[in-house]
Amino acid sequence: MISGSITSITILLIILFLFKEAAGLFNSPVIEDGYELALNNTNPVKHLSSYQIKEIFDGKISNWDEVGGKELPIELVRLSDLTKYYTEAELGANFENIPAKASELTAKHPGIILFLPTSYISKSFNGKLLKHETLRPGDFFGGKEWYPTASPSPQYGLLPLLLGTLWVSLGAILLSLPFGIAVAVYLAEISTMRVRNILKPVIELLAGIPSVVYGFFGLVVIVPFLQKLFQLPVGETALAGSVVLGIMALPTIITVAEDAMRTVPRAMKEASLALGATQWQTIYKVIIPYSKSGITSAAVLGIGRAIGETMAVLMVTGNAAVIPHTLLEPVRTIPATIAAELGEVSAGGGHYQALFMLGVILFIITMIISISIEFIGRKKYSN
Amino acid sequence: MTPVIQAKNTDRKKRYSQAIAFTIFKLMSYSVVAILFIILGFIVIRGIGVISWDFLSKAPEEGMTKGGILPAIVGTLCLVVGSSIFSFPIGIMSGIYMNEYATGSKVATFIRIMTNNLSGVPSVVFGLFGMSLFVNTLKFGDSILAGSLTLGLLSLPLVIRTTEESLKAIDNSYREGSLALGATKLQTIRKVIMPMAMPNVITGLILSIGRVSGETAPILFTVAAYFLPKLPTSIFDQVMALPYHLYVISTSGTDIVASRGVAYGTALVLIVIVLFVNLLANVLRTYFSKKVKTN
């Protein structure tokens, strides 16, 4: 039966297609396609990283010695800046003199960095064109800024998104794990059958509510509430995401932890009670230690759900792609970035590939989580 | 006398700490119920006033601040049906294969791990994958077909797992009895095992419908339209969908404040669908489990 292996095939296809689309990222140029960066011939600087280019264009780097050159102020010239150096007459009515003037300007100013469309660079250009470099893995994995629409050098830094995802997910698990374990203990050991018959469907329902509804609820209730509570300028924060995700992760945690507690052998419980321990002592001295691996699985699964959750987080975390310092700041997570930006990019471009690379990373994280749960489960049986 | 008093004291202490711990656990459990009712209550109270026949039967009007949500309801319906056509047969067959044919083998273990992995893959990754494979590579474009296939893949692990579990619950003596009477394995599965497992399988299918109707991320790039008042005519059309509509009008619509009413209404419709689906699954489960017991 071929149908049996369809899930394996799907996984392979997912890997194949995600990697195929993402693979081009490290071949995509650091500066926008169809443009050149030119320096004076005497300038010793041979290459600029994507981040350095962005800092120069933002005016944050203003001297060549900051990027490994001589002590010389940087003179940034864009196409539109040419009119500051030449009159319109000199540039020609149809700008036909731009190639010649650009060449002349570059030769005259030792500290210049000129940003021009390739079509304006003549063969006899008297200057040094920066080599078309491609994005290095370090720029992506170590990059501190996610700013894919920056010109001329888009920033695809993973760190703010990865940290945002981790902050929100860890916050969520810290909120929901104590709750989840408490409810699991209550369901497995304390509650009567009647209460259990009410609680179980409620938990199933919580799991069934669509994430976009959670997001909407978070947006209209939790966000304004947190904003008032902490006197924040904006309520859309990592904490709002954590609260919403915490609620969403609860059913997973409760179900898995409860199942684990139910596998505790009756004999162990009875032995503990027979020795004079109270029910509560039995719970925290026998049942919880015995189901430790199950509770760990529950926590890991909960984190997995939180990391991959898209819509609810997208709606409540504010989506600012900056490295967060507290839970009360807006953050942007990896899934939210994909969902928010993929609709606006053209297929095949650097931005598109960067988003697929985020997908690859997300996929790898969840794979690691699935496999580690498998491992936790197996370890328990071998004991 | 002292040891006795001491024993009494520790006994009392033990009982107090138990009482305190149990009360805390009880309160926490009830607060989970409270959370559910707060969410449901809030959306029902704010949304109920919006619901009317017009709301359910008209297209959005005036920049989605007024009018109804019919195209979104129809779109979600199309996606549910489309994904079910794909995932139900394959999922059930695959569940049968894993429980009846490949039990205990290395292959079955591998497939089980893969199925578990697939169910852990975030929905937005399914969206990326669907866009890359169905929309771009197979050139379906943004269409019901591409969206249904993506959602079908997403619900596949759920269908497989529930099928497998309902088959596992059937006592082996039925299989052996049938085989002993000279039936082939296929006959046994078709005539004995499946009819018995069907109630639980159907419950699982219904739950997967609930899941599919609420998913947003996988349809963002494969089918969902921002605003499309006309109803779809072929499987290559784009459609609006309830969850995506709720997302759009609550975060990036033309006038977020003015469309809040529509947003509450849409959320309510979504919740009612999910509640209904869960209720149906629960009723079926209890109904069939009673029936099996009386037999």
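Residues numbered from 1 in each chain as written. Chains lettered and ligands numbered in written order. Predicted model: local features only at pLDDT ≥ 70, side-chain atom pairs only at ≥ 80, totals over all residues.

Caption draft 1: Spotlight on the overall build of chain A. Regarding its fold elements, chain A presents 16 helices and six strands. Against the 2.2 N^0.38 benchmark of 21 Å for 383 residues, chain A shows a C-alpha radius of gyration of 29 Å, more extended than a compact globule. In terms of overall dimensions, chain A has C-alpha extents of about 100 × 55 × 35 Å along its principal axes. In chain A, which comprises 383 residues, the proportion classed as buried is 47%. Here the analysis covers contacts within chain A between residues at least 6 apart in sequence; of these, 70% occur between residues at least 24 apart. (Helix = DSSP H or I, 4+ residues; strand = E, 2+ residues; numbered from the N terminus. Rg over C-alpha atoms; globule rule 2.2 N^0.38 Å. Buried ≥ 20, exposed ≤ 12 C-beta atoms within 10 Å, placed from the backbone. Contact = placed C-beta atoms within 7 Å.)

Caption draft 2: Summary view of the overall build of chain B. A tally of helices and strands in chain B yields 11 helices and two strands. What you see in chain B, going N to C, is helices and strands ordered as α-α-β-β-α-α-α-α-α-α-α-α-α. The globule rule puts the C-alpha radius of gyration for 295 residues at 19 Å, and the 25 Å found for chain B is more than 25% above it. The burial tally for chain B puts 45% of its 295 residues in the buried class.

Caption draft 3: Molecular detail of the pairing of strand 1 (residues 35-39) of chain A. Residues and elements named next belong to chain A. Of all five residues in strand 1, four are buried, a share of seventy percent or more. In this sheet, strand 4 (residues 128-129) lies alongside strand 1 in antiparallel orientation, the contact comprising two bridges. In the sheet register, leucine 39 faces strand 4, and the bridge partner there is lysine 128. (Pairing = 2+ DSSP bridges.)

Caption draft 4: Highlighting the sheet that holds strand 2 (residues 75-78) of chain A. Residue and element names in this part refer to chain A. What the four strands build is an open sheet, ordered 2-3-1-4; its pairing is mixed. Sheet topology places strand 2 and strand 4 at the edges, where each strand pairs with a single neighbour. Packing against the sheet, helix 5 (residues 98-108) makes contact with strand 1, strand 2 and strand 3 (112-117), and its axis sits at approximately 165° to strand 3. (Axes fitted to C-alpha atoms, helices over the stretch in contact; angles between N-to-C directions.)

Caption draft 5: Main features of the interface of chain B and chain A. With 66 residues of chain B at the contact, the number on the chain A side is 63 residues. When grouped by side-chain class, the residues that make up the side of chain B that touches chain A number 45 nonpolar, 18 polar and three charged. (Nonpolar A, V, L, I, M, F, W, Y, C, P; charged D, E, K, R; others polar.)

Caption draft 6: Seen up close, unusual backbone geometry. A positive phi angle, near 55°, is found at glutamine 231 of chain A, a position not held by glycine. Mapped onto the secondary structure, glutamine 231 of chain A falls in the loop between helix 9 (211-230) and helix 10 (238-262). Residue classification places glutamine 231 of chain A among the exposed residues on the basis of 7 C-beta atoms within 10 Å. Of note in the backbone geometry, lysine 139 of chain B takes a positive phi value of approximately 60° without being a glycine. Here lysine 139 of chain B shows up in the loop between helix 5 (123-137) and helix 6 (144-168).

Caption draft 7: Summary view of the domain arrangement of chain A. Segmentation of chain A into domains returns domain 1 (35-133) and domain 2 (159-382). Each of domain 1 of chain A and domain 2 of chain A was reduced to a C-alpha centroid, and the two centroids are 51 Å apart. (Domains from an automatic or database assignment.)

Caption draft 8: Expanded view of helix 9 of chain A. All names here are of chain A. The largest bend along helix 9 reaches roughly 45° and is located at glycine 218. Within helix 9, the full set of buried residues consists of Ser211, Val212, Val213, Tyr214, Gly215, Phe216, Phe217, Gly218, Leu219, Ile222, Val223 and Leu226. The positive-phi residue at the C-terminal boundary of helix 9 is glutamine 231, with phi of around 55°. (Bend = angle between axes of the 7 residues up to and from the residue.)

Caption draft 9: Geometry of the pairing of strand 3 of chain A. Residues and elements named next belong to chain A. Among the six residues that make up strand 3, five are buried, leaving the element largely enclosed by the rest of the structure. Here strand 1 runs beside strand 3; their pairing, made up of five bridges, is antiparallel. Paired with glutamate 36 across the two strands is leucine 116, which belongs to strand 3. Where strand 2 and strand 3 come together, four bridges link them in parallel fashion. Within strand 3, the residue paired with leucine 76 across the bridge is isoleucine 113.

Caption draft 10: Main features of the nonpolar core. In this structure, Val244 and Ala257 of chain A together with Ala267 of chain B are the most contacted members of the largest nonpolar core, which totals 192 residues. The element contributing the most residues to this core is helix 10 of chain A, with 16 residues. In this structure, this core is formed jointly by two domains, domain 1 (35-133) and domain 2 (159-382) of chain A, each of which donates at least three residues. Dropping the residues within four chain positions of it, alanine 257 of chain A is found in contact with Gly180, Ile181, Ala184, Gly294, Ile295 and Ala298 of chain A. (Core = buried A, V, L, I, M, F, W, Y, C linked by C-beta atoms within 7 Å.)

Caption draft 11: Quick look at the confidence of the model for chain A. Looking at chain A, pLDDT values average 84 and 98% of them are 70 or higher. Of all secondary-structure elements in chain A, the lowest mean pLDDT belongs to helix 4 (residues 88-91) of chain A, at 75, while helix 10 of chain A reaches the highest, 92. (pLDDT = per-residue confidence, 0-100.)

Caption draft 12: Layout of the packing of helix 11 (residues 266-274) of chain A against helix 12 (residues 279-290) of chain A. Residues and elements named next belong to chain A. Where helix 11 contacts helix 12, the two axes come as close as 10 Å, and the packing angle between them is 160°. Here helix 11 is positioned roughly antiparallel relative to helix 12, judged by the angle of their axes. Every pair of crossing elements has a handedness; the one defined by helix 11 and helix 12 is right-handed. Facing Met268, Lys269, Ser272 and Leu273 of helix 11, the residues of helix 12 in contact are Thr282, Lys285, Val286, Ile287 and Tyr290. The class makeup of the residues in the contact of helix 11 with helix 12 is five nonpolar, two polar and two charged. (Parallel < 35°, antiparallel > 145°, perpendicular 65-115°, else oblique. Left-handed = near helix turned anticlockwise from the far one by under 90°.)

Caption draft 13: Up close: the packing of helix 10 of chain A against helix 13 (residues 292-308) of chain A. Residues and elements named next belong to chain A. At a minimum axis separation of 8 Å, helix 10 and helix 13 run at an interaxial angle of 155°. With respect to each other, helix 10 and helix 13 are oriented roughly antiparallel. Seen along the crossing, helix 10 lies across helix 13 with a hand that is right-handed. For the pair helix 10 and helix 13, contact is made by Leu245, Met248, Ala249, Thr252, Ile253, Val256, Ala257, Asp259 and Ala260 and by Gly294, Ile295, Ser297, Ala298, Ala299, Leu301, Gly302, Arg305 and Ala306, respectively. Among the residues making up the contact of helix 10 with helix 13, the classes are represented as 12 nonpolar, four polar and two charged.

Caption draft 14: Region of interest: helix 10 of chain A. Compared with the 36 Å implied by 1.5 Å per residue over 25 residues, the 35 Å span of helix 10 of chain A between its first and last C-alpha is a close match. Of all 25 residues that make up helix 10 of chain A, 23 are buried, and the element is covered over most of its length. (Expected span 1.5 Å × (residues − 1).)

Caption draft 15: Region of the structure containing the environment of serine 176 of chain A. Position of serine 176 of chain A among the secondary structure elements: in helix 7 (residues 159-190). A sequence separation of 75 residues divides serine 176 of chain A from proline 251 of chain A, and the C-alpha atoms of the two residues are 9.7 Å apart.

Caption draft 16: Inspection of the confidence of the model for chain B at higher detail. Averaged over every residue, the pLDDT of chain B is 85; residues scoring 70 or more account for 95%. Quick note on the complex model: pTM equals 0.86, ipTM equals 0.88.

Caption draft 17: Local environment of the environment of leucine 166 of chain A. Relative to the elements of secondary structure, leucine 166 of chain A occurs in helix 7. Separated by 66 residues in the primary sequence, leucine 166 of chain A and alanine 100 of chain A have C-alpha atoms spaced 52 Å apart.

Caption draft 18: Expanded view of the environment of tyrosine 30 of chain B. On the secondary structure map, tyrosine 30 of chain B appears in helix 1 (residues 2-48). It is 42 Å that separates the C-alpha atoms of tyrosine 30 of chain B and tyrosine 174 of chain B, two residues lying 144 residues apart in sequence.

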